[in-house]
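If you want the building blocks of each chain, they are given just below.
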Amino acid sequence: MSGQASAGPLAQVFVVANQKGGVGKTTTTVNLAAALAKQGVRTLLVDLDPQGNATMGSGVDKSGLGQSVYDVLVGLVEVGQAIVGSPAGYDVLPANRDLAGAEVELVDLESREHRLAQALASLGDRYQMVLVDCPPSLSMLTLNGLCAANGVIIPMQCEYFALEGLSDLVNSIKRVHAGLNKRLQIIGLLRVMFDPRMTLSQQVSEQLERHFGRQVFQTVIPRNVRLAEAPSHGLPGVLYDPSSRGSVAYLNFAQELIDRLGLDQQKVTT
Ligand code: ADP
Ligand code: MG
């Protein structure tokens, strides 16, 4: 935190978490990062999933990495040495298969839950926003994400079993808040892959609003095939096809977040 050129506010660090797989965590992280970058917000995406989907979806080749988030977590390199730029306009602390080994190696290390937090703190005010993509588990890696963050964004599909998994996640967040990271709070629940033609989707969506009130983001992300196609082109959906319904929704979501947080937008004129 010292040695920075200007002493601006530290970055907001948000984890995108849900212990279920395939619920839209990576799609949300990548598109939110790109949408924020488009709005002039200095953004870093941290990939905490050994699958490296967020890395690839940002247009960074995970097989050609020099250093990755793994090397940072186990203390082999400084975080700045592993960060790379992406064609999507934000920076990436990338991941690949190496990260699968971190789970075991971290157990023997000192302050094992706080390794990512310590690394990000050393970046000072280089970024305004750090978004962390988590693996589909409540593992040591996700724990590192939760300990580094001040907020959690929870993407949810509006289906019957979604609510069941939610209480496990909320309990984990409460435990981390109580024992490891007092700054952690739930920023909001984001409804994703929404299909308005399904009555169940509508019902679960309304139930979420009743239970969680203002913690449910107003923006709803529809199911949209352009978002699913984008990663194979090495681009976030919001850059691959900005006018598609899914992209427009993520751009709106970024704006909703900016408005809530009062982030400074430094408009990039190109
Ligand atoms: P997670 O990271 O939680 O495992 P992903 O973001 O990888 O989930 O999404 C799972 C799959 O669903 C991916 O194939 C992704 O392209 C697709 N997908 C995610 N969000 C949408 C959406 N809004 N519309 C259509 N497909 C989506
Ligand atoms: Mg994922």
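A brief structural summary. (Residues numbered from 1 in each chain as written. Chains lettered and ligands numbered in written order. Predicted model: local features only at pLDDT ≥ 70, side-chain atom pairs only at ≥ 80, totals over all residues. Heavy atoms only, no water.)

Lining the immediate surroundings of ligand 1 are 14 residues, of which Gly22, Lys25, Thr26, Thr27 and Asn224 lie closest. One of the backbone nitrogen or oxygen atoms of Val23 is found 3.1 Å away from an oxygen atom of ligand 1. Here a nitrogen atom of ligand 1 sits 2.8 Å away from a polar atom, N or O, in the main chain of Asn224. Relative to its unbound accessible surface of 550 Å², ligand 1 loses 78% to contact with the protein. Sorting the residues of the shell around ligand 1 by element identifies helix 1 (25-38), strand 8 (216-222) and helix 10 (225-229) as the ones contributing at least two each. (Near = heavy atom within 4 Å. Polar contact = N/O pair within 3.5 Å; in protein donor to acceptor, adjacent residues only side chain to side chain. Areas by Shrake-Rupley, 256 points an atom, 1.4 Å probe, with all protein chains shown as cover. Helix = DSSP H or I, 4+ residues; strand = E, 2+ residues; numbered from the N terminus.)

Among the structural elements, Glu110 can be located in the loop between helix 5 (99-106) and helix 6 (115-121). For the pair Glu110 and Gly80, spaced 30 residues apart in the sequence, the C-alpha separation amounts to 21 Å.

As a further point, take the nonpolar core. Ranked by internal contacts, the top residues of the largest apolar core, which has 52 residues, are Val46 and Leu93. Here this core takes six residues from helix 8 (residues 162-179), the largest share from any one element. Setting aside chain neighbours within four positions, we find Val46 in contact with Val69, Leu93, Leu116, Leu120, Val130, Leu131, Val132 and Asp133. In this structure, Phe14, Phe217, Leu227 and Leu257 belong to the second largest nonpolar core, which totals 34 residues. (Core = buried A, V, L, I, M, F, W, Y, C linked by side-chain atoms within 4.5 Å. Buried < 20%, exposed > 50% of the residue type's maximum accessible area, 1.4 Å probe, protein only. Contact = heavy atoms within 4.5 Å.)

Across the sheet, which stays open at both edges, the eight strands sit in the order 3-4-2-5-1-6-7-8 with mixed pairing between neighbours. The strands lining the two open edges of the sheet, one partner per strand, are strand 3 (84-85) and strand 8. Bridge analysis of strand 3 against strand 4 (residues 91-93) gives two bridges, and the strand direction is antiparallel. Note that in strand 4 the partner of Gly85 across the bridge is Asp91. Contacts from helix 8 reach strand 6 (151-157) and strand 7 (185-194), with the element oriented near 170° to strand 6. (Pairing = 2+ DSSP bridges. Axes fitted to C-alpha atoms, helices over the stretch in contact; angles between N-to-C directions.)

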